[in-house]
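Okay, here's what each chain looks like letter by letter:
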Amino acid sequence: MDAARLALNAVNPEVEIAALQSRIDFQAAEKLVAQSDLVLDCTDNFATRQLLNRACVEHRTPLVSGAAIRFDGQVMVFDLRKPDSPCYACLFPEDGEVEEVQCSVMGVFAPLTGIVGATQALEALKLLAGIGESLSGRLLLLDAKNADWRTVRVTRDSSCTVCANR
Ligand SMILES: [Zn+2]
């Protein structure tokens, strides 16, 4: 954690980084999200993704989620400031059957993590600055093996257990 902070500050010394080395639970996530303008989810497991999503829905904080495994990348923006925005659970329900596949087991084509991360950064900066059209309501899919990018429309699920009654 400190190594990551040092590396990032070496590139950009003006950025203030608060590195926390602890397992995150919902209470901690909620507290951190309440102090944030935007959340970037770069985690590698379903449980943490759902927990961050819940906290973002609660505080109507924009969530920029990215994932990469093998040759497949995904980026999603949930601009929860908008009342009609879907949330992560609208797409991947909390009680859904999810086969947890992690990079540590399945591997990931190295440049893909850079592409997904840079795309998340691009969307985050646009959302914060209020520039252009975000990926909100669309799922960006990159099939790196076949050099194919596409977007799929995602709509709010009116029976979503996380955001339906907010
Ligand atoms: Zn939802």
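Everything numeric in this text was worked out from a predicted model, so none of it was measured.

1. A closer look at the overall build of the chain
The helix and strand tally for the chain stands at 6 helices and 5 strands. When the helices and strands of the chain are listed from N to C terminus, the series reads α-α-β-α-β-β-α-α-α-β-β. For the chain, the spread of C-alpha atoms along the three principal axes comes to 45 × 40 × 35 Å. The buried share among the 166 residues of the chain stands at 34%. As displayed, the chain offers around 10200 Å² of accessible surface, 53% of which is attributable to carbon and sulfur atoms.

2. Structural notes on the environment of Asn 45
Turning to its location among the elements, Asn 45 is positioned in the loop between β1 (39-41) and α3 (46-59). Residues Asn 45 and Ala 67, 22 residues apart in the sequence, show an inter-C-alpha distance of 9.6 Å.

3. Some details on the coordination of the zinc ion
The protein atoms that coordinate the zinc ion are Cys 87 (SG), Cys 90 (SG), Cys 160 (SG) and Cys 163 (SG), at distances of 2.3 to 2.4 Å. Geometry at the zinc ion is tetrahedral, judged from the 4 donor atoms that bind it and their angles of 96 to 123 degrees at the metal. Read from N- to C-terminus, the donor residues coordinating the zinc ion fall into the pattern C-x2-C-x69-C-x2-C. Note on Cys 163: relative accessible area 0%, which makes it buried.

4. Focus on unusual backbone geometry
Look at Arg 60: it is not a glycine, yet its phi comes out positive at around 50 degrees. Along the chain, the position of Arg 60 falls in the loop between α3 and β2 (63-69). According to the relative accessible area criterion, Arg 60 is partly exposed, its value standing at 38%. With a phi close to 50 degrees, Arg 70 is a non-glycine residue in the positive phi region. Given a relative accessible area of 36%, Arg 70 falls into the partly exposed group.

Criteria and thresholds
- Residues numbered from 1 in each chain as written.
- Predicted model: local features only at pLDDT ≥ 70, side-chain atom pairs only at ≥ 80, totals over all residues.
- Heavy atoms only, no water.
- Helix = DSSP H or I, 4+ residues; strand = E, 2+ residues; numbered from the N terminus.
- Buried < 20%, exposed > 50% of the residue type's maximum accessible area, 1.4 Å probe, protein only.
- Areas by Shrake-Rupley, 256 points an atom, 1.4 Å probe, with all protein chains shown as cover.
- Donors = N, O, S within 2.8 Å, 3.2 Å for Na, K, Ca; no water.
- Tetrahedral: all angles 85-135°; square planar, octahedral: opposite > 155°, others 65-115°.

Purely geometric stuff here, so don't read any function into it on its own.
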